[in-house]
Amino acid sequence: MDKKKKLKHTVNKAKEEESTMEKTMNQKSKSILEILPLELIHRILLRVPIRHLARLRCVSKLWYFLISDPDFAELHFYHSPIATNACVFIKNDTIAYFVYLDDNDASQKEMSPPFKKKPPSHFAVLGSCRGFILLHRHPHFLVVWNPLTGFGKRISYFHIVRRCKYHSFRLPYSALLHGFGYDASQDDYLFVVAWSDWERRYHLDCLSLRTNSWINLDAAVSEPLGDLDSYSYGLFLNGAIHWVPLRFKAYRDAILIFDLKEKTFSRISGPEQPVVSAYSYSSLALLGGCLALYYRNYDSCNTHIWVMKEYKVHSSWTLYQIPCKDFQPLCLSNNGDIIGRGYISNDKVGYVIYNVRGDLLKHFKNLCRPIRGVDVVYTESLLPLPSDIKTRTRRIRGRKL
């Protein structure tokens, strides 16, 4: 359904809801609708930053219905002029920490993940997709969490532990690879994990959050997956999850891709002339909706960032060099500058902004950062899980104010 059809569909549903609420609305709410048509209210709300929308749901029952509608959440996620991005990581194994960065300011906050128990549950971030954060909770649980709406869902993966007969199996450390993404053809969020048993046979399992079930995809693994970094989560882009070898030795067929619709693996080549050394480590990032491959080169103070301007078009690889040691690009600012984390001075790690020419524009000080590993970039949204939509709709319609 395209943007115009979704907009019309959502407004029509709101009008139906409005007619059922008309008798119970107070005079103030009526006056708002008399001044502004419902379609205009809807278009204005689509331009409101996501953090404010969560509070605006309390204005009236009608606004609650408009903002909580799944079609509205989808439209806002894709068409809002300002996306709210944050770096998310777990602090002290128990608290989720969010660092918000933009062109001029930075902020941070702490939140408790759902399903937190005593004694303290140990959490780790496994990935993020469309406003949902995927967590690992000790010993064998996955937690899907939307921090903005408060929604949380817990799933066990103990069946993998039984199959591999390795009771110390833990995600992400015991996996060959893992990734979290969205299959638009089925409106389904999927988590894939590859692992090997004692006989060194490859296995691939896929969790569907729509059906809340695990799917065995061993047949999809037809060749060795390579030396991948199990600490690095797969990067979701264009309906597929992407991984890169821990050490980038050859450019041909370097990037491993798993298509979530077709449930198949494929590969694409990296840039033909990567500047690497024996101590270089490669990783992937998403910059302005483009796939980016970067090298943390310990032989120099520069980080090389290759950006694929057109997806799967090899000639579109473009090189940027950032004069920062061990730099991790995170996202682009509204001005198109590169926001990331790296060593600035005196071997201290901090969040910074560079332009594409490599000039340091801003250094954000006194911000918390992960002790180890990489930051996961999280984009706020009001989206529900597909399996949660019917429950939320019943709750909205049955709510009494």
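Undergrad: Which residues make up the overall build of the protein chain, and what values go with them?
TA: The helix and strand tally for the protein chain stands at eight helices and 24 strands. A total of 401 residues make up the protein chain; the buried ones form 51% of that total. When contacts within the protein chain are restricted to residue pairs at least 6 apart in sequence, those whose partners lie at least 24 apart make up 49%. Put simply, the protein chain shows about 20000 Å² of open surface, and 50% of that area lies on carbon and sulfur atoms.

Undergrad: Which residues make up the environment of Asp197, and what values go with them?
TA: Residue position: Asp197 is located in the loop between strand 9 (188-196) and strand 10 (202-208). On the basis of relative accessibility, which here comes to 12%, the residue Asp197 falls in the buried class. At a separation of 3.0 Å, a polar atom in the side chain of Asp197 contacts the main-chain amide nitrogen of Arg201. Here the side chain of Asp197 touches His203 through a polar contact of 2.9 Å, side chain to side chain.

Undergrad: I'd like a rundown of helix 3 (residues 38-46), residues and numbers included.
TA: Along helix 3, the residues that are buried comprise Leu38, Ile41, His42, Leu45 and Leu46. Seen end-on, helix 3 carries its buried residues on one side only, within an arc spanning 140°.

Undergrad: Can you tell me about the sheet that holds strand 18 (residues 303-308), naming the residues and giving the values?
TA: Ordered by their spatial adjacency, four strands build an open sheet running 16-17-18-19, and the pairing between neighbours is antiparallel. Of all the strands in the sheet, just strand 16 (281-287) and strand 19 (317-322) have a single pairing partner and so form its edges. Neighbour to neighbour, the strand axes of the sheet diverge by 25° on average, direction disregarded. Direction of pairing for strand 18 relative to strand 19: antiparallel, over a ladder of six bridges. Bridging across to strand 19, Ile305 finds its partner in Tyr320.

Undergrad: Which residues make up the side chain of Ser282, and what are the values?
TA: Tracing the backbone shows Ser282 in strand 16. Of the polar contacts made by the side chain of Ser282, one reaches the backbone oxygen of Pro245; its length is 2.7 Å.

Undergrad: Describe unusual backbone geometry, naming the residues involved and giving the relevant values.
TA: Here the residue pair His138 and Pro139 is connected by a cis peptide bond, since its omega of 5° sits within 30 degrees of zero. Examined against the element boundaries, Pro139 turns out to sit in the loop between strand 5 (132-137) and strand 6 (141-146). Residues Leu171 and Pro172 are joined by a peptide bond in cis, for which omega reads 0°. Mapped onto the secondary structure, Pro172 falls in the loop between helix 7 (158-164) and strand 8 (177-183). One non-glycine residue, Asp187, adopts positive backbone phi at about 50°. Position of Asp187 relative to the elements: it lies in the loop between strand 8 and strand 9.

Undergrad: Please give an account of the sheet that holds strand 14 (residues 255-259) that cites residues and values.
TA: One open sheet accounts for four strands, arranged 12-13-14-15; its pairing is antiparallel. The open sheet has two edge strands with one neighbour each: strand 12 (235-237) and strand 15 (264-268). With strand direction ignored, the average angle separating the axes of adjacent strands in the sheet is 30°. Pairing of strand 12 with strand 13 (residues 240-243) involves three bridges; the strand directions are antiparallel. Along strand 13, the bridge assignment pairs Phe236 with Ile241.

Undergrad: Before we move on, can you summarise helix 6 (residues 70-79) with the specific residues and values?
TA: In terms of residue burial, helix 6 counts as a mostly covered element, since seven of its ten residues are buried. Inspection of helix 6 places Pro70, Asp71, Phe72, Ala73, Glu74, Leu75 and His76 among the buried residues, and these make up the whole buried set.

Undergrad: Pulling in residues and values, what's your account of the nonpolar core?
TA: Within soluble globular proteins, side chains that are nonpolar tend to cluster in buried spots. Core analysis: the biggest nonpolar cluster contains 57 residues, and Leu45, Phe98, Leu171, Tyr189 and Phe191 have the highest contact counts within it. When neighbours within four sequence positions are excluded, Leu45 is seen to be in contact with Leu53, Leu56, Trp63, Leu66, Ile67, Phe72 and His76. The next biggest cluster of nonpolar side chains, apart from the first, holds 16 residues, and it includes Val192, Leu217, Val221 and Phe258.

Undergrad: Outline the packing of aromatic side chains, supporting the account with residue identities and numerical values.
TA: Applying the stated criterion across every chain, the model contains 14 aromatic pairs. Geometrically, the ring pair formed by Phe77 and Tyr78 is edge-to-face, given 5.3 Å between the ring centres and 85° between the ring planes. Given a relative accessible area of 24%, Phe77 falls into the partly exposed group. Ring centres 6.5 Å apart and planes at 20° place the aromatic pair Phe98 and Tyr100 in the stacked group. The exposure class of Tyr100 is buried, given its relative accessible area of 5%. Members of the aromatic cluster, joined through ring pairs, are Phe98, Tyr100, Trp145 and Tyr378.

Undergrad: I'd like a rundown of the pattern of salt bridges, residues and numbers included.
TA: Pairing is possible between side chains of opposite charge, provided their charged atoms come close. Enumeration over the complete set of coordinates arrives at eight salt bridges. Of the charged contacts, one joins Arg357 and Asp359 as a salt bridge, the two residues approaching to 3.5 Å between their closest N and O atoms. Residue Arg357 is classed as exposed on the basis of its relative accessible area, which comes to 66%. Through salt bridges with shared partners, one network takes in Arg163, Asp205 and Asp218.

Undergrad: Any chance you could break down the pairing of strand 18 for me, citing the residues and the numbers?
TA: Looking along a regular strand, one sees the side chains alternate between the two faces of the sheet. Counting buried residues along strand 18, six of its six residues qualify, which places the element largely inside the surrounding structure. Sheet topology note: the strand 17 (residues 290-296)/strand 18 ladder contains six bridges and is antiparallel. Residue pairing in the sheet places Ala292 in a bridge with Val307 of strand 18.

Basis of the calculations
- Residues numbered from 1 in each chain as written.
- Predicted model: local features only at pLDDT ≥ 70, side-chain atom pairs only at ≥ 80, totals over all residues.
- Heavy atoms only, no water.
- Helix = DSSP H or I, 4+ residues; strand = E, 2+ residues; numbered from the N terminus.
- Buried < 20%, exposed > 50% of the residue type's maximum accessible area, 1.4 Å probe, protein only.
- Contact = heavy atoms within 4.5 Å.
- Areas by Shrake-Rupley, 256 points an atom, 1.4 Å probe, with all protein chains shown as cover.
- Polar contact = N/O pair within 3.5 Å; in protein donor to acceptor, adjacent residues only side chain to side chain.
- Arc of directions from axis to C-beta.
- Pairing = 2+ DSSP bridges.
- Axes fitted to C-alpha atoms, helices over the stretch in contact; angles between N-to-C directions.
- Core = buried A, V, L, I, M, F, W, Y, C linked by side-chain atoms within 4.5 Å.
- Phe/Tyr/Trp six-rings, centres within 6.5 Å; stacked < 30°, edge-to-face > 60°.
- Salt bridge = Lys/Arg side-chain N within 4 Å of Asp/Glu carboxyl O.

Everything listed here is a matter of coordinates, which is why it stays silent on function.
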